[in-house]
Amino acid sequence: MSDWPFLRNGKPPHICSGEGVYLYTQDGKEILDAAAGAVATSIGHGRTEVADVIKESVLKLDYIIPPWNCDERQQLVERLRSSWLPDSFNRFHFTSGGSEAIESAMRIAVMYHSARDQRHKCKIIGRDISYHGTTLGTIALGGHEARKLGIEHVLPAFPKVITPYPLRCESNDPTSYYLDAFRLVLEEEGPDTVAAIVGEPILGASGGAMVPPDGYWEGVREICHEHNILWIADEVMTGFARTGTKFGYQHWDAEPDLIVSGKGLACGYAPINGVFSTDKVAEPIEQAPGYAVMFHTYGSHPSGCAAADKVLEILEREDLVNRARTLGETLETKLQSAFSNHPHVAECRGKGMLQAIEVVKNRSTLETYDLAENVTGKIINHSFQNGVHFYGAGTGVVRDVILIGPPLTIEEHHIDQMVGVLSDAVDAVTQTTN
C-alpha cells in the first residue's frame, strides 16, 4: 500500500469526526469508542472548550524552547501541584510522547545515582509482561515480545522480573511469590548495580488491565528502599483518573520516586506527557557540575500545556475521578454477569474504567488459542462492524485479551451496549474457531 498504513492487514477505517463518546466513519457509521482511542480520550471527543484554549495559545505563542517558561506551562504546573500530585512531587519534565517520557525517567534515574558518585548503579529492571514505548530503549526494557520482532537482535539487554499474573500463579501466596522473584533477580544482578525498576501499577495493553495482588507494590517499595533503588511508576495509561484514583499506584499504600504520565494528561487533544519527581531525585542532578536533563524539541509546547491544563480542569469540574470509580464498578459487574461462566473467558479483571477479558480455548485448563487464529483481531473486527471499538491487548505470549477503557463521560446505557456487543462477538468468534 502506497500510504504505509503501519503494515496492518486490510484497509484501516477512515474516521472523519468524533463527538462525545462516538466516532464517525467516512461512510457515516457511528462507532461507540469503548477504548477511548488507545485509552486516551478520557473526557470524550469534540470538547470545544479545549480547542478554544489551543487556538488562543497558538495565536499568542506558537513555540519556545522547552527550558523557557510561559503562562501556559506555569498554569499547568500550578494545577498539577495544587490538585493532582502528592506534595513531595514538585519537579516537572514534559515530553511529547510516552516513549520519550519513559526514556527521560530512565536517564534521570541513572543520572541521580551518578551525581551521588554511584556510577555502578546503572541497571534498569523491567518486567516480563509490560509495555513502555517503541524506541529501541523502551521496547527493550518492556516485555512485549510481538513488538520486538525484526529488531530483537539489536536491542540492549535489560534484566527482567516476573510480572504478577494472578490468574496463572500456582502459589497460594502470590504476593510473596512475586516479591521473592524480584529479590532473586536483584541477587543475580547485584543490588548495588541497579538504579531503578520500571513498572505499570496496573498493566495496560500488554497484559490487559492486569491487577497485582495486594501487598505487591508495598513490598516492591520496601525492597527498593532497602537497596537505594528508584521505583519509576509508568502511569502513561493508568494516570489521571482512569482507574478511579488520580494515579494507579494510589490503590495501594506505596509511593514511587518518579511518576511518568501520558494519555490522560491531555486526553488526546495534544501530544504532551510528564515526568514528575521529588527534590530527593532532582537535587543531586542539579548540584552535579555540568549535569542537565536534555529536553525534546516539542516538550512543554505552549499549546500542549494549555490543552492539558483545560483537560485537567474538566476532569476536576466533572468529578471524573469518582465517576471512573463508580461507573467502573458498574462496568465490572456487567462484565462479570456476562462472562463469569463463559466457557471461553478465563477472567474479567481491572480497576475503574480500565477493564479486560481474557479469551481462552479452554476455561478449565487455561489453554490458549493458537496465535495464528487471530482471535483478538476477529473479536475486535466483529465488534467494530457492530458499532463498538475495543482495544486488542496482549504481547503475543499473553494473548487474546480485549481491553475496555472508554471515555469517563459514558452513561450506563453505553456500558450495556459495550457488554452486549462484546458478548456477541466472543460467542461468534469462539464458536467458529477450532
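Before going into details, it helps to say that this report is about the structure given with it. (Residues numbered from 1 in each chain as written. Predicted model: local features only at pLDDT ≥ 70, side-chain atom pairs only at ≥ 80, totals over all residues. Heavy atoms only, no water.)

It is worth spelling out the pairing of strand β11 (residues 345-351) at this point. Most of β11 sits inside the fold, with five of its seven residues counted as buried. Looking at chain direction, β11 and strand β12 (residues 354-359) are connected through six bridges and run antiparallel. Along β12, the bridge assignment pairs Lys 351 with Leu 354. Remark: two residues form the turn of the hairpin made by β11 and β12, two consecutive strands paired antiparallel; Gly 352 in that turn has positive phi of roughly 60 degrees. (Buried < 20%, exposed > 50% of the residue type's maximum accessible area, 1.4 Å probe, protein only. Helix = DSSP H or I, 4+ residues; strand = E, 2+ residues; numbered from the N terminus. Pairing = 2+ DSSP bridges.)

Moving on, we come to helix α10 (residues 302-317). Helical periodicity: at 3.6 residues per turn, an α-helix aligns residues three or four positions apart in one direction. Here α10 spans 23 Å end to end across 16 residues, near enough to the 22 Å set by a 1.5 Å rise per residue. Of all 16 residues that make up α10, 13 are buried, and the element is covered over most of its length. Just downstream of α10, Asp 319 is the residue with a positive phi angle, here 50 degrees. (Expected span 1.5 Å × (residues − 1).)

Two measures describe an aromatic ring pair: the distance that separates the ring centres and the angle between the ring planes. Under the definition given, this model contains 10 aromatic pairs. Ring geometry for Tyr 216 versus Trp 217: centroids 4.9 Å apart, planes at 70 degrees, classification edge-to-face. An identical accessibility class is assigned to Tyr 216 and Trp 217; each is buried. When the ring of Trp 217 is compared with that of Trp 231, the centres are 4.6 Å apart and the planes differ by 10 degrees; the resulting orientation is stacked. On the criterion of sequence distance, the pair formed by Trp 217 in helix α7 (residues 216-227) and Trp 231 in strand β8 (residues 230-235) is long-range, its members being 14 residues apart. Summarising the burial analysis for this pair, Trp 217 and Trp 231 share the class buried. Grouped by ring-pair contacts, the aromatic residues Trp 84, Phe 240, Phe 247 and Tyr 249 constitute a single cluster. Positioned above the aromatic ring of Tyr 131, the side-chain terminus of Arg 147 is 4.5 Å from the ring centre. The aromatic ring of Trp 84 is capped on one face by Lys 246, whose charged end is 5.9 Å from the ring centroid. (Phe/Tyr/Trp six-rings, centres within 6.5 Å; stacked < 30°, edge-to-face > 60°. Lys NZ or Arg CZ within 6 Å of the ring centre and 35° of its normal.)

Once that is clear, we can look at the pattern of salt bridges. What the rule picks out here adds up to 25 salt bridges. Close ionic contact of Asp 257 with Arg 221 constitutes a salt bridge, the shortest N to O distance being 2.9 Å. Taken as a pair, Asp 257 in the loop between β8 and β9 (258-261) and Arg 221 in helix α7 lie far apart in primary sequence, 36 residues in all. Taken as a pair, Asp 257 and Arg 221 share a single burial class, namely buried. Arg 323 serves as the salt-bridge partner of Glu 411, at 3.5 Å between the closest nitrogen and oxygen. Taken together, the positions of Glu 411 in the loop between β15 (401-404) and α13 (412-431) and Arg 323 in helix α11 (residues 320-339) put the pair 88 residues apart, joining distant regions of the chain. In this structure Glu 411 comes out as partly exposed when scored by relative accessible area, which is 40%. (Salt bridge = Lys/Arg side-chain N within 4 Å of Asp/Glu carboxyl O.)

What follows concerns the packing of helix α3 (residues 71-84) against α10. Helix-helix packing is characterised by the crossing angle of the two axes and by the distance between the axes. For the pair α3 and α10, the least separation of the axes is 8 Å and the interaxial angle reads 30 degrees. With respect to α10, the axis of α3 lies roughly parallel. For the pair α3 and α10, the crossing hand works out as left-handed. Across the interface between the two elements, Glu 72, Arg 73, Gln 75, Leu 76, Arg 79, Leu 80, Ser 83 and Trp 84 of α3 pack against Pro 302, Cys 305, Ala 306, Ala 308, Asp 309, Leu 312, Glu 313, Leu 315 and Glu 316 of α10. In terms of residue class, the contact of α3 with α10 is made up of nine nonpolar, two polar and six charged. (Axes fitted to C-alpha atoms, helices over the stretch in contact; angles between N-to-C directions. Parallel < 35°, antiparallel > 145°, perpendicular 65-115°, else oblique. Left-handed = near helix turned anticlockwise from the far one by under 90°. Contact = heavy atoms within 4.5 Å. Nonpolar A, V, L, I, M, F, W, Y, C, P; charged D, E, K, R; others polar.)

On to the sheet that holds strand β4 (residues 89-95). One open sheet holds the seven strands; their spatial order is β4-β10-β9-β8-β7-β5-β6, and the pairing between them is mixed. Two strands lie at the open edges of the sheet, namely β4 and β6 (160-161), each paired on one side alone. Relative to strand β7 (residues 194-199), strand β5 (residues 123-127) runs parallel, the two being bridged by three bridges. Residue pairing in the sheet places Ile 124 in a bridge with Ala 196 of β7. Contacting β4 and β10 (273-278), α3 crosses the sheet at an angle of about 135 degrees to β4. Packing of helix α4 (residues 98-115) onto the sheet brings it into contact with β4, β5, β7, β8, β9 and β10, and relative to β8 it is tilted by some 170 degrees.

Let us now look at the side chain of Glu 235. Assignment of secondary structure puts Glu 235 in strand β8. Despite its burial, Glu 235 pairs with no opposite charge; the closest candidate is Arg 242, at 10 Å N-O. Here the side chain of Glu 235 touches Tyr 249 through a polar contact of 2.9 Å, landing on its backbone nitrogen. With residues near it in sequence (within four places) discarded, Glu 235 still touches Pro 201, Phe 247, Gly 248, Tyr 249, Ile 259, Val 260, Ser 261 and Gly 262. (Lys, Arg positive; Asp, Glu negative; His and termini not counted. Polar contact = N/O pair within 3.5 Å; in protein donor to acceptor, adjacent residues only side chain to side chain.)

Before going further, it helps to examine the pairing of strand β2 (residues 22-25). Across four bridges, strand β1 (residues 15-19) lies against β2 in antiparallel orientation. Residue pairing for β2: Ser 17 is matched across the bridge by Tyr 24. Hairpin connection of β1 to β2: two residues between the antiparallel strands, including Gly 20 at a positive phi of 65 degrees. Where β2 lies against strand β3 (residues 30-33), three bridges are found, and the strand directions are antiparallel. Bridge pairing in β3 links Tyr 22 to Leu 32. Here β2 hands over to β3 after four residues, with Gly 28 in that stretch at a positive phi of 85 degrees.

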